[in-house]
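Understanding the architecture of this molecule
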Amino acid sequence: MHVVANAAMSADGKLSSRRREQVVISGPDDFARVDALRASCDAVLVGGGTVRADDPHLTVEDPDLRAERREAGKPPHPARVVVDTRARTPPDGRVLDDAAVSYVLVGESAPEDRRTVLRDAGTELLVAGDERVDLAVGFAALEAEGIDRLLVEGGGEILFSAFEAGLVDELSLFVGSLLIGGRDAPTLADGMGFVDEFPALDLKDVERVDDGVLCRYAVE
Ligand SMILES: NC(=O)C1=CN([C@@H]2O[C@H](COP(=O)(O)OP(=O)(O)OC[C@H]3O[C@@H](n4cnc5c(N)ncnc54)[C@H](OP(=O)(O)O)[C@@H]3O)[C@@H](O)[C@H]2O)C=CC1
Ligand SMILES: Nc1nc(O)c(N)c(N[C@@H]2O[C@H](COP(=O)(O)O)[C@@H](O)[C@H]2O)n1
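Given the structure is predicted, the values throughout are model-derived calculations rather than measurements. (Residues numbered from 1 in each chain as written. Chains lettered and ligands numbered in written order. Predicted model: local features only at pLDDT ≥ 70, side-chain atom pairs only at ≥ 80, totals over all residues. Heavy atoms only, no water.)

Within the structure, ligand 2 sits among 17 residues, and Val23, Ile25, Ser26, Arg38 and His57 are positioned closest to it. Between Ser26 and ligand 2, the recorded distance is 2.6 Å, taken from a side-chain N or O atom to a nitrogen atom. Asp54 is positioned with one of its side-chain polar atoms (N or O) 3.0 Å from an oxygen atom of ligand 2. In the complex, the protein chains occlude 84% of the 530 Å² of accessible area that ligand 2 would expose alone. Mapped by element, the contributors of at least two residues to the shell around ligand 2 are strand S1 (2-9), helix H1 (28-39) and helix H2 (48-54). The leading source of residues in the shell around ligand 2 is H1, at three residues. When grouped by side-chain class, the residues that make up the shell around ligand 2 number eight nonpolar, five polar and four charged. (Near = heavy atom within 4 Å. Polar contact = N/O pair within 3.5 Å; in protein donor to acceptor, adjacent residues only side chain to side chain. Areas by Shrake-Rupley, 256 points an atom, 1.4 Å probe, with all protein chains shown as cover. Helix = DSSP H or I, 4+ residues; strand = E, 2+ residues; numbered from the N terminus. Nonpolar A, V, L, I, M, F, W, Y, C, P; charged D, E, K, R; others polar.)

Below, the structure is given as structure tokens:
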């Protein structure tokens, strides 16, 4: 499986404010780039924190991109994946609607009643790990479902875990021209953080997009 991470951050490295509400950091050209990136992938993955904060839809907006996918024999939208150990995703969340296939990666510890709620909402449940979803196991389960190219859109906890597990092949990072600040605001890589063996990034390309900068890295 090839894994691409994508995020938009402020010039001080924040994905959102301390309120953890969605902050629009990308401009129109960057959102169009992300739409095309989604269209190039088999699935788009976010953490439960992002679902709770943003109620995202994670679909492809541009009808031409959807038509291209159909012509290639694919569904119009990639699958959506939520990483949610205890199956707390609300069944009426936009990420679980019938626009596309939805998977929830849960832990063994997910209560049976919550699993039933999600299954009844038409969601495919994949069990990976116990007290916390094991992303390596979860990504392997997704690969077994036919997902060969996966986009990880965040947030900071999931991105950290994906980097820590050595699962990310590429990173696209839009750096917007604003400051958000706040010691409790989410950053590109939260979790416990690294104290050594810092993941090294190989800068492949830099481009001015909207009023910010798009950096593309390979992960070494
Ligand atoms: N600017 C941008 O590009 C983006 C910004 N965001 C912003 O990021 C914020 C949300 O990020 P954040 O709060 O970090 O939440 P995340 O979306 O990263 O989700 C974190 C949650 O995922 C669950 N989880 C399960 N397994 C793991 C694992 N192995 N590693 C890490 N997490 C795991 C945990 O909940 P549990 O234990 O219950 O399963 C955890 O609390 C929001 O403010 C959102 O707006 C989000 C995406 C992109
Ligand atoms: N690329 C990008 N730029 C920003 O400025 C953002 N705030 C985000 N957020 C991500 O996009 C998701 C929303 O997706 P939908 O529009 O609902 O499909 C959100 O959940 C974040 O993952 N991304």
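Let us now look at the site of ligand 1. Within the structure, ligand 1 sits among 30 residues, and Ala8, Arg20, Thr50, Thr85 and Ser161 are positioned closest to it. At 3.2 Å, a side-chain N or O of Arg132 approaches a nitrogen atom of ligand 1. Take the shell around ligand 1: its biggest share by element is six residues, from H2. Partitioned by chemical class, the residues of the shell around ligand 1 number ten nonpolar, eleven polar and nine charged.

What follows is about a nonpolar patch on the surface. On the surface, Leu203, Val206 and Val213 cluster together into a nonpolar patch covering about 240 Å² of accessible area. Relative accessible area serves as the criterion here: at 47%, Leu203 is assigned to the partly exposed category. (Patch = residues over 30% accessible without salt bridge, like charges linked within 9 Å, V, L, I, M, F, W, Y side chains within 5 Å. Salt bridge = Lys/Arg side-chain N within 4 Å of Asp/Glu carboxyl O. Buried < 20%, exposed > 50% of the residue type's maximum accessible area, 1.4 Å probe, protein only.)

Let us now look at the packing of aromatic side chains. Evaluated as defined, the whole model comprises one aromatic pair. Centroid distance Phe160 to Phe194: 4.7 Å. Interplanar angle 45°. Geometry classified as tilted. Here Phe194 lies in the loop between strand S7 (170-175) and strand S8 (201-209) and Phe160 lies in helix H6 (residues 156-164), a separation of 34 residues in the sequence. (Phe/Tyr/Trp six-rings, centres within 6.5 Å; stacked < 30°, edge-to-face > 60°.)

Right, let's talk about the pairing of S7 for a bit. Across the six residues that make up S7, a large majority, five, are buried. Taken together, the six bridges between S1 and S7 define a ladder with parallel strand orientation. If you follow Ala5 over to S7, its bridge partner there is Leu171. Pairing of S7 with strand S9 (residues 212-219), which is carried by six bridges, proceeds in the antiparallel orientation. Bridge pairing links Val175 to Val213 in S9. (Pairing = 2+ DSSP bridges.)

Next up on the list: unusual backbone geometry. The residue after Gly154, namely Gly155, is reached through a cis peptide bond having omega 0°. Of note, Gly155 is situated in the loop between strand S6 (149-154) and H6. A positive phi angle, close to 60°, is found at Arg20, a residue other than glycine. Here Arg20 shows up in the loop between S1 and H1. Here Arg20 falls in the partly exposed class, since its relative accessible area comes to 41%.

Attention now goes to the sheet that holds strand S5 (residues 124-127). Read from one edge of the open sheet, nine strands run S5-S4-S3-S2-S6-S1-S7-S9-S8, paired in mixed fashion. This sheet does not close on itself; its edge strands, each paired only once, are S5 and S8. With direction set aside, neighbouring strand axes in the sheet form an average angle of 20°. One ladder, built from four bridges, connects strand S3 (residues 79-83) with strand S4 (residues 102-106); its direction is parallel. Along S4, the bridge assignment pairs Val83 with Leu105. (Axes fitted to C-alpha atoms, helices over the stretch in contact; angles between N-to-C directions.)

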